[in-house]
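# Notes for the structure review
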Amino acid sequence: MARKTAIVWAAEDTAEALHARYRAEPVAEVRTRLHALWLLRRGEGPTAVAAVVGVSRNAVQQWLRWYRSGGLAAVRSHRRGGPGRPSFLTPDQQAQLVAEAAQGVFGTAQAVRDWIEEQFGVSYRVGSLYTLLPRLGIRLKVPRPHHPQSDPQAQAAWKKGGSGPA
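Presented here is a report on the structure given in the accompanying data block. (Residues numbered from 1 in each chain as written. Predicted model: local features only at pLDDT ≥ 70, side-chain atom pairs only at ≥ 80, totals over all residues. Heavy atoms only, no water.)

## Section: the packing of aromatic side chains
Operational definition: Pairing of aromatic rings covers Phe, Tyr and Trp, the last through its six-membered ring, and needs centres within 6.5 Å; plane angles under 30 degrees mean stacked, over 60 mean edge-to-face, and all others mean tilted. Exposure categories follow from relative accessible area, calculated using a 1.4 Å probe and restricted to protein chains: below 20% of the type maximum is buried, above 50% is exposed, and the middle band is partly exposed.
Going through the model one piece at a time under the given rule, you end up with five aromatic pairs. Plain terms: the ring middles of phenylalanine 106 and tryptophan 115 are 5.6 Å apart, the flat faces sit at 70 degrees to each other, and that makes the pair edge-to-face. With relative accessibility at 7%, the residue phenylalanine 106 sits in the buried group. Looking at tryptophan 115, the relative accessible area reads 13%, which means it is buried.

As structure tokens, this is what we get:
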């Protein structure tokens, strides 16, 4: 028989409080952790808890280590994955890019790429800009192109009454 997991629970982390926090948590990743802690608080073992929440026993043990070291704040603050690769542009350069985009200077991602390379000497792939631009809140919007031979008056007349009497 396995030995019982020893956990020193904080006074405010009662089974009811953990259950309420688990049910109210909007972030799915954190909700799973709080669910596991609630089940542990109720007296379930780590192996049974892992089976219920659908993770490995090692994950439950990791969450317990986080709880022991920093309480619920530590369990909530950890995120999967790393911080990611740092941006090629500094925050000041990003602010300049946002200011230029706000003036409507850019029509395409290629235009943004060329401007960044010219201004800052940083080379981006066009595909990478489709990740960068939304992160900075930049949306490239350009009006639909019009054919040079289109006649706006004829189009307006057609919208009002069709193509005329037959």
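## Focus: the packing of helix α3 (residues 46-53) against helix α4 (residues 57-77)
Inclusion rule: With axes taken as lines fitted to C-alpha atoms, and helix axes fitted only over the stretch in contact, angles between N-to-C directions fall between 0 and 180 degrees. Numbered from the N terminus, helices here are DSSP runs of H or I no shorter than four residues, and strands are runs of E no shorter than two. An angle counts as roughly parallel when it lies under 35 degrees, as roughly antiparallel when it exceeds 145, as roughly perpendicular when it falls between 65 and 115, and as oblique in every other case. Note: crossing handedness is left-handed where the near helix turns anticlockwise from the far helix by less than a right angle, and right-handed where it turns clockwise. Here a residue-residue contact requires only that any non-hydrogen atoms of the pair lie within 4.5 Å. All amino acids are sorted into three groups, where Ala, Val, Leu, Ile, Met, Phe, Trp, Tyr, Cys and Pro are nonpolar, Asp, Glu, Lys and Arg are charged, and the leftover types, Gly among them, are polar.
Running from amino to carboxyl end, α3 crosses α4 at an angle of 110 degrees, the nearest separation of the two axes being 8 Å. The orientation of α3 with respect to α4, classified from their angle, is roughly perpendicular. For α3 against α4, the interelement crossing comes out right-handed. Contacts between α3 and α4 involve Pro46, Thr47, Val49, Ala50 and Val53 from the former and Arg57, Val60, Gln61 and Trp63 from the latter. By residue class, the composition of the contact of α3 with α4 is six nonpolar, two polar and one charged.

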